[in-house]
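# Architecture at a glance
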Number of protein chains: 2
Amino acid sequence: MDLLETRELRYFVTVAEELHFGRAAERLGIAQPPLSRAIQRLERRLGVRLLERDRRGVALTDPGRVLLVEARTTLDAATAAVHRTRRAASSRERLVLATKAGADHELLRELLDAYAAEPDAVEVEVVLCGIGEQRRLLRDGRADAALLHRPFDPLAEFDTEDLLTVGRIAVLPAGHPLATRPSLSMAEVTGLPDLPAARWPDHDGNYPPGPGPEFRDQSQLAQMIALGRATVVICASAHTWLWDEHTAVPLTDAPPITTVLAWPPHSRSPALAGLVRAAGRLEGHRRVGRAATR
Amino acid sequence: MDLLETRELRYFVTVAEELHFGRAAERLGIAQPPLSRAIQRLERRLGVRLLERDRRGVALTDPGRVLLVEARTTLDAATAAVHRTRRAASSRERLVLATKAGADHELLRELLDAYAAEPDAVEVEVVLCGIGEQRRLLRDGRADAALLHRPFDPLAEFDTEDLLTVGRIAVLPAGHPLATRPSLSMAEVTGLPDLPAARWPDHDGNYPPGPGPEFRDQSQLAQMIALGRATVVICASAHTWLWDEHTAVPLTDAPPITTVLAWPPHSRSPALAGLVRAAGRLEGHRRVGRAATR
DNA sequence: AGACGTTACGGTCACCGTAATCATA
DNA sequence: TATGATTACGGTGACCGTAACGTCT
């Protein structure tokens, strides 16, 4: 009763992303006509119109939008099958941990050290990926676990263990008038006419509207702020990568950010279990430490 | 990079389930040789040996076991894509709720009534399925939500809302000596030589070892107990289907069972949101009611 | 010899690419 | 007229079924 081949799904996803048969066919490495026919076949088999082809191009229908997300998760599951099977076959076991480049330096170090102390610790490969890419790495099996951030990353589909909760800071150019303040409120740093808030991509890869510059990784952001062209409100643990030209000011009224260790819920590997145990120990120690210093 | 077609995965899963190329080919409706070649192709592409074919049949390797679960989730995702896309295309919206046949009568009634009171309630189709089948219906998109039971059903992969927690009862033949007792302990009802505990299938469809009779649905169970051949420890809400020949005795030391409403975590439908809201209201009322009667 | 998985071989159908056609701005 | 999707058409390759083969009990 599953009449969809992954090739067809891949075709559909590409067309849905490009909204243009020509470009989609080029990305897929085939000619347009076979692609057109494949989509028609898909629509005929499902009995559902997926794309609206009228004047001025192609648009997704409502069922088409549903299929787009379902097809993506199916394709992710298929590539996860490849990765996890190959991983299981490789002789020496290892864990792949995905994290955003440039974030959580110290925490990551602590976690790796804590895990290394586990009795049956295996090699941990750290994969640095772009903003918001960790979840896809988890879904398609390229990573066994990842560091995510609440409330930014949707966590519903994963199991998680809290690691560390910190406040937020505003990162300003060193010479800015507000940079001398000991703390700031959200209201004071939003809507500054001379310092627009930088914008980063959401989970669909699109940028929210606004006057600030778009950026895609932490180095772009750092440079833009150092140039005095932008500001950003960000996790306090980001202080590790600040430049001399930056000033970090704590925010009093911004909701805190929790870094969590996340993994696919059905994972059964003992190595991953060890990593989770290490994460729990880390968080436990931290809690005890906090309680003791009160 | 996803080189696996769903047809190949279906072939592999069937062989892995049958552990016999001939029977698997028959189930798939093809001849053995193409099946043999397809599996070889799969192994070659993955670079992994999935099956051990020596004398006395076929066995799964460790990577083969990994691929079996990954392939199942991939196939479930593919059929979910079909179901959800078709559902989205159908004009009138509806919800499909899966529940074990013969369980949670009253609770289900309450839930449906509570949901019907929602402002934008849509038609709810109730699908009765076999023991432990609800999770698969959720995964492959045949159902939008299901009633599951903690701690029996693994809930990691779903979002859930607690509905009702009740104790457990022992169901005995009406004439049994223990049937006159006001309550019992687990120790008293396990290991009775004259009344073995009935066994039901676990999540893989296998039966745990033991002397008691195997059963697959509630009517078989009821008959077997009425005949004086078995006993069972079961959710207290099961009292709705007891016969005159049955006696239910509460257990004092058995962990309680919670019926939960479960749904796929990425669901975005407003109709489902309404059902969850109704479930929350139900549980809230119940909690208030309990508190008031204390 | 029997059971069962694999190799050999020939045919068909699905998919692809090139070329022509249709629709729209 | 130009752009972009669809239909027409011929070819190749993937997959299947039948038949022969190997291997172990």
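Just above sits the structure.
Report on the accompanying structure. This one's a predicted model, so the numbers in the text were calculated from it and none came from an experiment. (Residues numbered from 1 in each chain as written. Chains lettered and ligands numbered in written order. Predicted model: local features only at pLDDT ≥ 70, side-chain atom pairs only at ≥ 80, totals over all residues. Heavy atoms only, no water.)

### Observations concerning the interface of chain B and chain A
With 34 residues of chain B at the interface, the matching set in chain A holds 34 residues. Buried area between chain B and chain A, both sides added, is near 3100 Å², and the carbon and sulfur share of it is 63%. Here Arg84(B) and Glu70(A) are joined by a salt bridge, their closest N and O atoms 3.1 Å apart. Seen at the junction of chain B and chain A, the total is 14 residue pairs in polar contact (both at pLDDT 80 or more). Mapped onto the side of chain B that touches chain A, the elements with two or more residues apiece are helix H1 (6-18), helix H3 (32-46) and helix H4 (62-89) of chain B. Sorting elements by how many residues they give to the side of chain B that touches chain A places H4(B) first, with 18 residues. Considering only residue class, the side of chain B that touches chain A consists of 18 nonpolar, six polar and ten charged. (Contact = heavy atoms within 4.5 Å. Buried area = accessible area lost by both parts, 1.4 Å probe. Salt bridge = Lys/Arg side-chain N within 4 Å of Asp/Glu carboxyl O. Polar contact = N/O pair within 3.5 Å; in protein donor to acceptor, adjacent residues only side chain to side chain. Helix = DSSP H or I, 4+ residues; strand = E, 2+ residues; numbered from the N terminus. Nonpolar A, V, L, I, M, F, W, Y, C, P; charged D, E, K, R; others polar.)

### Here we look at helix H1 (residues 6-18) of chain A
In this model H1(A) runs 18 Å from its N-terminal to its C-terminal C-alpha over 13 residues, within 8% of the 18 Å that 1.5 Å per residue would give. If you check which residues of H1(A) are buried, you get Thr6(A), Glu8(A), Leu9(A), Tyr11(A), Phe12(A), Val13(A), Thr14(A), Val15(A) and Ala16(A). Residues of H1(A) that are buried in the fold lie against helix H2 (21-28), helix H3 (32-46), strand S1 (51-53), strand S2 (58-60) and helix H4 (62-89) of chain A together with H1 of chain B. Trailing H1(A) by a residue or two, Leu19(A) shows a phi angle of about 55°, which is positive. (Expected span 1.5 Å × (residues − 1). Buried < 20%, exposed > 50% of the residue type's maximum accessible area, 1.4 Å probe, protein only.)

### Digging into the protein's contact with DNA strand D
Inspection of the region around DNA strand D gives 19 residues, with Ser36(A), Arg53(A), Tyr11(B), Ala31(B) and Arg55(B) positioned closest. A share of 64% of the atoms of DNA strand D within 4 Å of the protein falls on sugar and phosphate groups. In this structure, Arg7(B) approaches DNA strand D through a side-chain N or O atom, which is 3.4 Å from a phosphate oxygen. Take Ala31(B): an N or O atom from its main chain is 2.8 Å from a phosphate oxygen of DNA strand D. When grouped by side-chain class, the residues that make up the surface near DNA strand D number eight nonpolar, five polar and six charged. (Near = heavy atom within 4 Å.)

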